[in-house]
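Okay, here's what each chain looks like letter by letter:
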Amino acid sequence: MKHFLSVSETSDADVRRIFDLAIRLRQERREGRPNAPVLAHKTLAMIFEKPSLRTRVSFEQAMYELGGQAIVLTNAEVGIGKRESAADIARVLSGMVHGIMARVFEQQKLVDLAKAATVPVINGLSDEMHPCQALADALTMMDEFGRDLTGRTLAYIGDGNNVARSLAAVCGKLGMKFVIASPEGYDLDRGFVERVRKNMPGLSLTETRDPMAAARGADALYTDTWVSMGQEQEAEQRRKVFTGYQINGAMLAAAPKHAIVLHCLPAYRGYEITDEAMEGPKSRVFPQAHNRLHVQKALLAILMGNA
Ligand code: CP
Ligand code: NVA
């Protein structure tokens, strides 16, 4: 694996390696044993066009715990495509650091960085995808249901956005069923659905307008914000359209007893999820956030440390 730009472009074998290693590194950490410094003297440059808590901290902490370090670059400093091209940035950074993680608006910027970089490029979220998040989400479901998730159902309630696309792809990789309930106009885009069906012929993908129907068959119920970063001017309209697509007590009552609740965070309580669902016994949202650290470590060790 040279880069990590999306789940669907990652081989099944590499996906398995990421989970194997994440679980091992997490176990070492839980036992109070420091992980081997496989990234000693190595540096990750992190470019952020958008804000972040989990992505920034998990990558920076992952580099630190594996013996390396990270440099944070904001868009105001770097200006991909404004101050200089993605290709020039990639070529400069490739001579100074050992990996690049970027959170960008357009996926194309990641593709352009990867094309010109001689070091690995990692997608830390784009408008199209959030593959690192989907890895942590899958690990959280493995923690609950066991390593083999074949036949399990992930019901995603809400916007057919970057997080939803990466979840669909990870479900395809793991033999899970992906059910998405979204209001009209906010479905997964048709181009993506065609591509994912073509690239992952085994994927079971169901689209519905009925969130309760989706919840009834769920092993995991998942939601994300109704208003993603960059869509703030649509907030009022979106909050109207998505009413009814909320994970709340009534939805949890409709879901199977064993179903868990996931959210990539940040959560807008009272909109896509209630306090009751976030704080209740079915919620796994905080272990899910913590799993970002463990999958990030595995990803970095494989890409930059030849693990
Ligand atoms: N879930 C997630 O990616 O969080 P941040 O936006 O805080 O990084
Ligand atoms: N869909 C959200 C995810 C945040 C982690 C966004 O893009 O803002």
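The structure presented is a predicted model; accordingly, all values stated were derived computationally and were not measured.

**Some details on the pattern of salt bridges**
Considering all chains together, one arrives at 23 salt bridges under this definition. With its nearest N and O atoms 2.6 Å apart, the salt bridge here joins D14 to R17. With D14 and R17 both in helix α1 (residues 12–30), this residue pair falls three residues apart, about one helical turn. Judged by relative accessible area, which is 11%, D14 ranks as buried.

**Some remarks on the sheet that holds strand β8 (residues 220–223)**
Spatially, β7-β6-β5-β8-β9 is the arrangement adopted by the five strands of the open sheet, whose pairing is parallel. Each having just a single partner strand, β7 (204–208) and β9 (260–263) make up the two edges of the open sheet. Direction aside, neighbouring strands of the sheet carry axes that sit 20° apart on average. Where strand β5 (residues 153–157) meets strand β6 (residues 177–181), five bridges bridge the pair, whose relative direction is parallel. Within the sheet, the bridge partner assigned to I157 lies in β6 and is A181. Along the sheet face, helix α6 (residues 131–145) touches β5, β8 and β9 and points at about 165° away from the line of β9.

**Examining the nonpolar core**
I122, M141, L154, L174, F178 and L300 are the most contacted members of the largest nonpolar core, which totals 63 residues. V179, A214, L221 and F242 belong to the second-largest nonpolar core, a separate cluster that totals 26 residues.

**Section: the packing of aromatic side chains**
In the structure shown here, the tally under the stated rule is six aromatic pairs. When the ring of W226 is compared with that of F242, the centres are 5.8 Å apart and the planes differ by 15°; the resulting orientation is stacked. On the criterion of sequence distance, the pair formed by W226 in the loop between β8 and α10 (235–241) and F242 in the loop between α10 and α11 (249–254) is long-range, its members being 16 residues apart. With respect to class, W226 is no different from F242; both count as buried. One aromatic cluster is present, built from ring pairs that chain together Y186, W226, F242, Y245 and Y271. Of note, R239 hangs over the ring of Y271, and the distance from its end group to the ring centre comes to 4.2 Å.

**Observations concerning unusual backbone geometry**
Following L265, the chain continues into P266 via a peptide bond in cis, with omega recorded as 5°. A positive phi angle, close to 65°, is found at H41, a residue other than glycine. Its location among the elements puts H41 in the loop between α1 and β1 (43–48). H41 sits in the exposed class, given a relative accessible area of 76%. For L265, which is not glycine, the phi torsion reads 65° and is therefore positive. Relative to the assigned elements, L265 resides in the loop between β9 and α12 (275–279). Of the residues examined, L265 reaches a relative accessible area of 10% and is grouped as buried.

**Points about the site of ligand 1**
Taken together, the neighbourhood of ligand 1 is formed by S52, L53, R54, T55, R103, H130, Q133, C264, L265 and R292. Here an oxygen atom of ligand 1 and a side-chain polar atom of H130 are 2.8 Å apart. The side chain of R292 places a nitrogen or oxygen atom 3.0 Å from an oxygen atom of ligand 1. If ligand 1 stood free it would expose 250 Å²; the protein chains cover 96% of that surface. Among the residues making up the shell around ligand 1, the classes are represented as three nonpolar, four polar and three charged.

Rules used in this analysis
- Residues numbered from 1 in each chain as written.
- Chains lettered and ligands numbered in written order.
- Predicted model: local features only at pLDDT ≥ 70, side-chain atom pairs only at ≥ 80, totals over all residues.
- Heavy atoms only, no water.
- Salt bridge = Lys/Arg side-chain N within 4 Å of Asp/Glu carboxyl O.
- Helix = DSSP H or I, 4+ residues; strand = E, 2+ residues; numbered from the N terminus.
- Buried < 20%, exposed > 50% of the residue type's maximum accessible area, 1.4 Å probe, protein only.
- Pairing = 2+ DSSP bridges.
- Axes fitted to C-alpha atoms, helices over the stretch in contact; angles between N-to-C directions.
- Contact = heavy atoms within 4.5 Å.
- Core = buried A, V, L, I, M, F, W, Y, C linked by side-chain atoms within 4.5 Å.
- Phe/Tyr/Trp six-rings, centres within 6.5 Å; stacked < 30°, edge-to-face > 60°.
- Lys NZ or Arg CZ within 6 Å of the ring centre and 35° of its normal.
- Near = heavy atom within 4 Å.
- Polar contact = N/O pair within 3.5 Å; in protein donor to acceptor, adjacent residues only side chain to side chain.
- Areas by Shrake-Rupley, 256 points an atom, 1.4 Å probe, with all protein chains shown as cover.
- Nonpolar A, V, L, I, M, F, W, Y, C, P; charged D, E, K, R; others polar.

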